[in-house]
Amino acid sequence: MRKDGIAMYMIKRQAANVGKYSFLTVFAVLSAFPLAWMFISSFRDSTAILSEPFGLPNRLDGINYYTIWVKGNMYVGFINSLIMATCSVAVLTVVATMAAYALARVKDNTLLYAFFSLGIMIPAQAILIPNFQILQFLNIYNTRPGLLSIYVTNNITISFFISYAFLKPLPKELEESAYMDGCSKPRAFWSIILPLAFPAISTFGILGFLNCWNDYLMASIFITERRLYTVNLFIYTMMGEFSTDFGAIFAGMSIAVIPILIIYVFFQEQVSKGMTAGAVKG
Amino acid sequence: MHLIDSGKRKKRWSFGDRVFYVGFLAPAFTLLFVFMFLPILFSVILSFTKWNGGSPAVFNGITNYIQMFINNDYWKSVTNTLVLIVLVLTIKIPLGCLLAFIILKITRGYKFYRSVFFLPAILAPLVIGLLFRLMYDGNFGVINAIMTKVGLGSYIRVWLSDSSVVLYSVSIPQVYQYIGTFFLIFLSAFLTIPSEVLESSRIDGASSVRTFFSIMLPMVKDVVQVCLILGITGAIKDFDHPWVITGGGPGYDSSFLAVYMFREAFVSFKFGYGSAVTVTIILYALAITMILRKVMNLSNDSVYWKARRQLLRRGSAASGHTP
């Protein structure tokens, strides 16, 4: 067989293909395995998990979910996380797009733009301690508005960047025709710009939702009352309370993860764009 | 009065326009000012005080900084963070890059692989951390189970209490979770490379490896720089993973800088000291960012870039249109 013949080329190509696909598949398995293990184990009994970590559940038994949701009060955490995340995104949308609109369409200002870029450079943890003070001073420590302010502030910069980049290149004629028809400026914002900015809003909105839902550190510091705990706080305390009921722990984690997965399944494009937006803007 | 006048140079703002402008900027500005700008100032001020959260803060000069720099636990956290950074640079970023490179070469399953790779990155770090903690468990953890099945049973350790490995046990979830993010970043970067460049290199007979290192990577230089900065600052900020797996222990063996800060401030109630640690965290992050920028920009003067610029100029002249 000639070393440089067609046959050899085809064989080499096949070998390379096998190599590529197996490498990718190995990683796919690695990426998905822990999650899969978590879901499968959440349907199993704790003793079964202890004896055989890899096994499949005998029956699709939701008892663990019941344990953690009702007896462990996980529903409180779930609802709290839902409230915090959706409210944060709502406030974030309004605040960020308004600021981006003012700077992008009305009058630009490099100083203000630089000020709004602060968020990217400062790690959120760096301001934990002072915020701890400030929230107490404003009497919103351990309250929903308090945590909300923190969440919104953490996400403002990236949301502002995304909105600004989106709004700036839009044609000026949009508002001009509105003004000529006698439309007021706020009205132009609400009825014309805001609906148009929907792609940008969905990008940073989903990112903000993800950041809020997945947060642990902020919530653990700024919320101390159990009835306001977010779902991640519940997971953390659950480790202590249910330390022997592993099935319940897996169920709890699954509950925390399911909303994110649902969002990912339906909005994969936006999620990917959002998570990398911060990076590429750099 | 119209603010947006195409063609008119002078724009006179009415009172209503001013109210509008300020009103639209105010909420974002206030939030950022109160919850970000002021805290930065307070952080610096607090770092020079001694405060336990209850009684009023007492100014004590640079005592905190001195205590910090002679504290072994602090330096252990710093070295731990450095280990994590090395792991990030040698594993997380290259793997993400490699995955992006390979996935561009396959024909089927592109979307599937892409979705799966990014999956861990969207989950809560706490959940991933807890998951790994359960996997490390001596009794029912899958890691030990897999190792025994594969025959590596003799390498099993008590992953979470053995001081020699606990740092790596705790670093792995962090590295694991965000490979997908870098994968996606590199992927979108590689996709911006015009296909003519890749085709011409293929025609010229360059192997895939050569193409990768000599053409693809330099063309996404900016993205590489961003990834380096992201990876390193991410390592410095990482908290959820070590906290939920070991709480930073045993002792401070698995604490990174962020964990150390948290423990000193919110567990030991030494807020002044914690603020000093925070200030050092910020300074390290800034320093690394600036050094990276300088190093990456220096190579802009390399021979490669000069040649590339020349080629572009010649190319556009040949096609008859100026850049």
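Since the model is a prediction, treat every value here as computed from it, not as a measurement.

For chain B, the helix and strand inventory stands at 14 helices and 2 strands. Buried positions account for 49% of the 323 residues belonging to chain B. Sequence-distant contacts in chain B: of pairs separated by 6 or more residues, those separated by 24 or more amount to 66%. By element, 66% of the accessible surface of chain B is carried by carbon and sulfur atoms, the whole surface being about 15900 Å².

Residues and elements named next belong to chain A. For helix α10 (residues 185-196), built from 12 residues, the straight-helix expectation of 16 Å at 1.5 Å per residue is met to within 8% by its first-to-last C-alpha distance of 16 Å. Lys185, Ala188, Phe189, Ile193 and Leu194 are the residues of α10 that are buried. Taken end-on, α10 shows its buried residues confined to a sector of 150°, consistent with a single buried face.

Time to look at the interface of chain A and chain B. Opposite the 92 residues of chain A that make contact, chain B presents 88 residues. Taking both sides of the interface into account, the surface hidden between chain A and chain B amounts to around 8400 Å²; carbon and sulfur atoms contribute 80%. Of all residues in chain A, A:Leu24, A:Gln125 and A:Ile129 give up the largest surface area on contact with chain B, accounting jointly for 8% of the area buried on that side. Across the contact surface, chain A and chain B share 1 salt bridge. Where chain A packs against chain B, one counts 13 residue pairs in polar contact (both at pLDDT 80 or more). Examining the composition of the side of chain A that touches chain B, we find that 15 residues originate from one element, helix α1 (residues 6-42) of chain A, more than from any other. Split into classes, the residues belonging to the side of chain A that touches chain B amount to 65 nonpolar, 18 polar and 9 charged.

The subject of this paragraph is the packing of aromatic side chains. Going through the model one piece at a time under the given rule, you end up with 48 aromatic pairs over all chains. Ring centres 6.1 Å apart and planes at 85° place the aromatic pair A:Tyr101 and B:Phe20 in the edge-to-face group. On the criterion of chain membership, the pair formed by A:Tyr101 in helix α4 (residues 74-106) and B:Phe20 in helix α1 (residues 15-46) is interchain, its members lying in two chains. Taken together, a centroid distance of 6.0 Å and an interplanar angle of 55° make the contact between A:Tyr101 and B:Phe24 tilted. One end of the pair, A:Tyr101, is in helix α4; the other, B:Phe24, is in helix α1, on a second chain. Each member of the pair, A:Tyr101 as well as B:Phe24, carries the same accessibility label: buried.

Quick look at the confidence of the model for chain A now. Overall, the predicted model of chain A reaches an average pLDDT of 84, with 97% of residues at or above 70. No element of chain A has a lower mean pLDDT than helix α15 (residues 268-281) of chain A, at 74, and none a higher one than helix α11 (residues 198-214) of chain A, at 91.

All names here are of chain A. Together, Ile63, Tyr66, Trp69, Val70, Tyr75 and Ile79 make up a nonpolar patch on the protein surface, roughly 550 Å² of accessible area in all. If you list the elements that add at least two residues to the nonpolar patch, you get α3 (63-71) and α4. The leading source of residues in the nonpolar patch is α3, at 4 residues. Looking at where Trp69 falls in the secondary structure, it is placed in helix α3. Using a relative accessible area of 31% as the deciding quantity, one classes Trp69 as partly exposed.

So, about the confidence of the model for chain B. Residue and element names in this part refer to chain B. When pLDDT is averaged along chain B, the result is 81, and 88% of the positions lie at 70 or above. When mean pLDDT is compared element by element in chain B, helix α4 (residues 110-122) scores highest at 90, while helix α14 (residues 303-318) scores lowest at 62. With pLDDT under 50 throughout, residues 319-323 is counted as low confidence; its partners more than four residues away or in other chains account for 2 contacts. For this predicted complex, the interface confidence comes out at an ipTM of 0.85, alongside a pTM of 0.85.

Each value, and the rule that gives it
Residues numbered from 1 in each chain as written. Chains lettered and ligands numbered in written order. Predicted model: local features only at pLDDT ≥ 70, side-chain atom pairs only at ≥ 80, totals over all residues. Heavy atoms only, no water. Helix = DSSP H or I, 4+ residues; strand = E, 2+ residues; numbered from the N terminus. Buried < 20%, exposed > 50% of the residue type's maximum accessible area, 1.4 Å probe, protein only. Contact = heavy atoms within 4.5 Å. Areas by Shrake-Rupley, 256 points an atom, 1.4 Å probe, with all protein chains shown as cover. Expected span 1.5 Å × (residues − 1). Arc of directions from axis to C-beta. Buried area = accessible area lost by both parts, 1.4 Å probe. Salt bridge = Lys/Arg side-chain N within 4 Å of Asp/Glu carboxyl O. Polar contact = N/O pair within 3.5 Å; in protein donor to acceptor, adjacent residues only side chain to side chain. Nonpolar A, V, L, I, M, F, W, Y, C, P; charged D, E, K, R; others polar. Phe/Tyr/Trp six-rings, centres within 6.5 Å; stacked < 30°, edge-to-face > 60°. pLDDT = per-residue confidence, 0-100. Patch = residues over 30% accessible without salt bridge, like charges linked within 9 Å, V, L, I, M, F, W, Y side chains within 5 Å.

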